[in-house]
Amino acid sequence: LSEVYLKLGNVQSALKTIKELKSALSKGKFDNKLFMIEGSALIAAGEYELGKKVTTELLKKIEDEEEKRKLKVELAYADFELKMYEEAREQCNILLDKINLSPELTGRCYNLKGMIDIYQNNDMNSALENFQIAKSKFVEADQPIRISGAEVNIGNVNNILADFEKAELHWKNASVINQSIGNLEQEGFLLQNIGGYYYS
């Protein structure tokens, strides 16, 4: 259940469920999956340092290479939120050099590189290219919530670049996906963007 909440972007419910689970089980019964969800949820909830701590500790324990790559992506996102842009970009580039990186993780790395392009360098063209690659990888991975996020990012960049028709098209694509999967939080942010666009 906590994993489903996390995938739906409802990180507070994910963390609450994990807390309830921890109070119901003895410490020896926690598995790595629980800590992986907790680390990701903490980072998504803005508890970056605590999320990094949980994730870094878990990274030392697990042997599965795919799981390790997932954790490293989470750490790169935490570094980004802590404004450690070079560290986040370097981690993404290291991960993207791996031949067997999954489409979802590849998409997340390109998505993060796009955000770094904006926040560190204000490079909208590079950001747009990275977001488009991210979207194609999320489509390949069949991850609607991530496709929607990429559509929002592409729409935002097109809006900044004054390509308003493309911006509106991508935002509408995101809205259709959000409504189909019940992603109300992202739909709320998206409607704010569209409202500002119409106002302008």
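Scroll up to find the structure this text is about.
Please read these numbers as outputs of a predicted model, since none were measured by experiment.

Chemist: For the overall build of the protein chain, give the residues involved together with the corresponding values.
Modeler: In terms of helices and strands, the protein chain carries 11 helices and zero strands. In terms of C-alpha radius of gyration, the protein chain reaches 17 Å, essentially the compact-globule figure of 16 Å for 200 residues. Overall, the protein chain is about 55 × 35 × 30 Å in size when its C-alpha atoms are taken along their principal axes. Restricting the contact set of the protein chain to residue pairs at least 6 apart, pairs at least 24 apart contribute 50%. Averaging the locations of the 25 positively and 31 negatively charged side chains of the protein chain gives two centres separated by 6 Å.

Chemist: Help me get a handle on unusual backbone geometry, residues and values and all.
Modeler: A negative phi angle is the norm for most residues apart from glycine, just as the trans form is the norm for most peptide bonds. A positive phi is found at asparagine 122, a non-glycine position, where the angle reads about 55°. Take asparagine 122: it is sitting in the loop between helix 7 (103-121) and helix 8 (124-141). Overall, asparagine 122 belongs to the exposed group, its relative accessible area being 56%. Phi is positive for aspartate 142, close to 55°, though the residue is something other than glycine. Take aspartate 142: it is sitting in the loop between helix 8 and helix 9 (144-160).

Chemist: Outline the pattern of salt bridges, listing residues and values.
Modeler: A full pass over the atoms with the stated rule returns 14 salt bridges. Here arginine 108 makes a salt bridge to glutamate 74, at a shortest N to O gap of 2.8 Å. In this pair, arginine 108 is assigned in helix 7 and glutamate 74 in helix 5 (residues 65-81), connecting sequence segments 34 residues apart. The exposure class assigned to arginine 108 is buried, which follows from its relative accessible area of 9%. For glutamate 74, a relative accessible area of 10% translates into the label buried. Here arginine 146 and glutamate 104 are joined by a salt bridge, their closest N and O atoms 2.9 Å apart. Of this pair, arginine 146 sits in helix 9 while glutamate 104 sits in helix 7, and the two are 42 residues apart along the sequence. Judged by relative accessible area, which is 27%, arginine 146 ranks as partly exposed.

Chemist: Give a description of the packing of aromatic side chains that names residues and reports values.
Modeler: Within this structure, the stated rule accounts for five aromatic pairs. Seen from their ring centres, tryptophan 171 and tyrosine 197 are 5.7 Å apart, and the 75° between their planes marks the pair as edge-to-face. Taken together, the positions of tryptophan 171 in helix 10 (residues 164-181) and tyrosine 197 in helix 11 (residues 184-199) put the pair 26 residues apart, joining distant regions of the chain. Across the ring face of phenylalanine 35, the terminal group of lysine 61 is positioned such that the distance to the ring centre comes to 5.4 Å. Between the NZ or CZ atom of arginine 108 and the centre of the ring of tyrosine 77, over which it lies, the distance is 4.6 Å.

Chemist: I'd love a proper account of the packing of helix 5 against helix 6 (residues 85-96), names of residues and values included.
Modeler: Packing of helix 5 against helix 6 leaves a shortest axis separation of 7 Å and a crossing angle of 155°. The angle between the axes of helix 5 and helix 6 places the two elements in the roughly antiparallel class. Once helix 5 is placed against helix 6, the crossing between them reads as left-handed. On helix 6, the residues that touch Arg69, Lys72, Val73, Ala76, Asp79 and Phe80 of helix 5 are Tyr85, Glu87, Ala88, Gln91, Cys92 and Leu95. When its residues are assigned to classes, the contact of helix 5 with helix 6 shows seven nonpolar, one polar and four charged.

Chemist: Give me the lowdown on the layout of surface pockets, citing residues and values where you can.
Modeler: Taken as a whole, the largest pocket holds about 1800 Å³ of empty space. For the largest pocket, the lining is made up of 47 residues, of which Gly9, Ala44, Tyr77, Arg108 and Arg146 are closest to its centre. Secondary-structure elements contributing two or more residues to the lining of the largest pocket are helix 1 (2-7), helix 3 (32-44), helix 5, helix 7, helix 8, helix 9 and helix 11. Residues that form the lining of the largest pocket fall into these classes: 24 nonpolar, 12 polar and 11 charged.

Procedures and definitions
- Residues numbered from 1 in each chain as written.
- Predicted model: local features only at pLDDT ≥ 70, side-chain atom pairs only at ≥ 80, totals over all residues.
- Heavy atoms only, no water.
- Helix = DSSP H or I, 4+ residues; strand = E, 2+ residues; numbered from the N terminus.
- Rg over C-alpha atoms; globule rule 2.2 N^0.38 Å.
- Contact = heavy atoms within 4.5 Å.
- Lys, Arg positive; Asp, Glu negative; His and termini not counted.
- Charge placed at Lys NZ, Arg CZ, Asp CG, Glu CD.
- Buried < 20%, exposed > 50% of the residue type's maximum accessible area, 1.4 Å probe, protein only.
- Salt bridge = Lys/Arg side-chain N within 4 Å of Asp/Glu carboxyl O.
- Phe/Tyr/Trp six-rings, centres within 6.5 Å; stacked < 30°, edge-to-face > 60°.
- Lys NZ or Arg CZ within 6 Å of the ring centre and 35° of its normal.
- Axes fitted to C-alpha atoms, helices over the stretch in contact; angles between N-to-C directions.
- Parallel < 35°, antiparallel > 145°, perpendicular 65-115°, else oblique.
- Left-handed = near helix turned anticlockwise from the far one by under 90°.
- Nonpolar A, V, L, I, M, F, W, Y, C, P; charged D, E, K, R; others polar.
- 1 Å grid on protein atoms, 1.4 Å probe; cavity = no way out; pocket = protein on both sides within 12 Å on 5 of 7 lines; lining within 4 Å.
- Points joined across faces, edges and corners; volume = space filled by probe spheres on them.

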